[in-house]
Amino acid sequence: MKGLTIAVNTSKIANRPESFDLMHKVGPKVCIATASHPGFVGFMALLQTGVHDMAGRYGGAALDMRETLNPLAMFQYTIWKDVKSHEEMHYQQFNTIYELCHHCLSMVVEGPWEPYYEVVAADLSGAPHTPQTRIVLGDHWIMEGHEQAFEAGVQEALTWLKEKAQGLTGWMLMKQIGASAVGSFQLDPEGMLKPTLGANPPAYNTNYGDKPLEHPPIPPQKPAQYFVHMEWAGPEQAHLGLAKTMVNYELRQIHNRGVLAHVCRGPYFYLTQPMHEETAMVFP
């Protein structure tokens, strides 16, 4: 995974039956269009199922909130050889992607926002996911100048968990490096305000220009934002494993000095379930 770029299209969607019908109707078409670029490596669509309360930090959080949480967060990973490949895909497939995504706006409450991430470190097996699998995304904002210490601390904590906590099958540490303007629907003023139902898309153009760029057009967030991506065999294993950061003395010292000492916002943990994925090119 190191050396690849992951674009994570993030949105919050209305938790109602029509939303899920739209996902199954439109989602595969978007995937087919995206996979037309040779720089495309894989994708993973994740839908929030709950929240990890980190041993009682928030009493309103629960592992399974599929019936009560509204809106739900959706994270759609697309994996690329580099930023340029993703930007070129949006340029080449702009009309198609615009129409398909516009068709989904009736379920979107917030977003989309599509930041880019570089994979700082990873230990992934590539094992197939099951209906019980939960991808836990830990959102961390890090104090300026503490990035290297945080990255080392996270890897130490995750290595400990992989060895001693049941059910952790893999992890990635992902650092945000910027965001895609088109992927975030940040078009130029004329395009953003064009009255259309999606079948008559505006011209490809953003406040950053009308050609694909080799670097993220929107600069990275400051303070630095990271996702700690963890793959657990089930929600109970995720809950018990992450709770060890508070009740296991050895891990608590690693996590306190290596992670919590460097955080200026968070950590906040989303529990998500893979809906659809294609990672055969990542794990041949």
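Residues numbered from 1 in each chain as written. Predicted model: local features only at pLDDT ≥ 70, side-chain atom pairs only at ≥ 80, totals over all residues. Heavy atoms only, no water.

Now for the side chain of H102. Mapped onto the fold, H102 is located in helix 3 (residues 94-103). From its side chain, H102 meets the backbone oxygen of T196 in a polar contact 3.3 Å long. Here H102 is in contact with F185, T196, L197 and G198, once residues within four sequence places are set aside. (Helix = DSSP H or I, 4+ residues; strand = E, 2+ residues; numbered from the N terminus. Polar contact = N/O pair within 3.5 Å; in protein donor to acceptor, adjacent residues only side chain to side chain. Contact = heavy atoms within 4.5 Å.)

This brings us to the pairing of strand 1 (residues 5-13). The buried fraction of strand 1 is high, at 7 of 9 residues. The pairing of strand 1 with strand 5 (residues 115-124) spans 3 bridges and is antiparallel. For A7, the partnering residue across the bridge sits in strand 5 and is Y116. Where strand 1 and strand 3 (residues 72-80) come together, 9 bridges link them in antiparallel fashion. What sits directly across from I13, in strand 3, is L72. (Buried < 20%, exposed > 50% of the residue type's maximum accessible area, 1.4 Å probe, protein only. Pairing = 2+ DSSP bridges.)

This part is about the pairing of strand 3. Where burial is concerned, most of strand 3 is hidden: 8 out of the 9 residues are buried. Across 7 bridges, strand 2 (residues 40-52) lies against strand 3 in antiparallel orientation. Paired with F40 across the bridge in strand 3 is W80.

This paragraph deals with the environment of R57. Tracing the backbone shows R57 in the loop between strand 2 and strand 3. Put simply, R57 and F40 are 17 residues apart on the chain and 39 Å apart in space, counted from C-alpha to C-alpha.

In this section: helix 4 (residues 147-164). Note: α-helices contain 3.6 residues per turn, so residues at a spacing of three or four share the same orientation. Between the first and last C-alpha of helix 4 there are 26 Å, a value that for 18 residues agrees with the 26 Å anticipated at 1.5 Å per step. Residues of helix 4 that are buried include every one of E147, F150, E151, G153, V154, A157, L158, W160 and L161, and no others. Looking at the packing, one finds that the buried side of helix 4 touches strand 5, strand 6 (134-142), strand 7 (168-179), strand 8 (224-232), helix 6 (235-247) and helix 7 (249-258). (Expected span 1.5 Å × (residues − 1).)

Now for helix 3. Taken residue by residue, helix 3 has F94, I97, Y98, L100 and H102 as its buried positions. Among the structural elements, helix 1 (17-34), helix 2 (83-92) and helix 5 (189-192) are those in contact with the buried residues of helix 3.

The subject of this paragraph is the pattern of salt bridges. In total, this model carries 7 salt bridges according to the counting rule given. Measuring nitrogen to oxygen at the nearest pair gives 3.8 Å for the salt bridge that ties E214 to K84. With E214 in the loop between helix 5 and strand 8 and K84 in helix 2, the pair connects residues that are 130 residues apart, well separated along the chain. We classify E214 as exposed; its relative accessible area is 61%. For R265, the salt bridge goes to D139, with nearest N and O atoms at 3.7 Å. One end of the pair, R265, is in strand 9 (residues 263-278); the other, D139, is in strand 6, with 126 residues separating them in the sequence. (Salt bridge = Lys/Arg side-chain N within 4 Å of Asp/Glu carboxyl O.)

Below, the discussion takes up the packing of aromatic side chains. The description of an aromatic ring pair uses the distance of the two centres, along with the angle that the planes make with each other. In the structure shown here, the tally under the stated rule is 11 aromatic pairs. Ring centres of Y91 and Y204 lie 4.9 Å apart, and the angle between their planes is 80°; this geometry places the pair in the edge-to-face category. Of the two residues, Y91 sits in helix 2 while Y204 sits in the loop between helix 5 and strand 8, which places them 113 residues apart along the sequence. Given the relative accessible area of 36%, Y91 is considered partly exposed. Aromatic rings pair up to connect Y91, F94, Y98, F185 and Y204 into one cluster. (Phe/Tyr/Trp six-rings, centres within 6.5 Å; stacked < 30°, edge-to-face > 60°.)

Turning next to the environment of F43. If you trace the backbone, F43 turns up in strand 2. Each C-alpha atom of the pair F43 and A7 lies 9.3 Å from the other, and the pair is 36 residues apart in sequence. Residues within four places of F43 in sequence aside, it is in contact with C31, Y77, T78, I79, H276, E277, E278 and T279.

Running from N to C, helix 1 and helix 3 point in directions that differ by 165°, and their axes come no closer than 10 Å. On the basis of their axis angle, the class for helix 1 and helix 3 is roughly antiparallel. Once helix 1 is placed against helix 3, the crossing between them reads as left-handed. Contacts from L22, K25, V26, K29, V30, A33 and T34 of helix 1 reach helix 3 at T96, I97, L100 and H103. Classifying every residue of the contact of helix 1 with helix 3 by side-chain character gives 6 nonpolar, 3 polar and 2 charged. (Axes fitted to C-alpha atoms, helices over the stretch in contact; angles between N-to-C directions. Parallel < 35°, antiparallel > 145°, perpendicular 65-115°, else oblique. Left-handed = near helix turned anticlockwise from the far one by under 90°. Nonpolar A, V, L, I, M, F, W, Y, C, P; charged D, E, K, R; others polar.)

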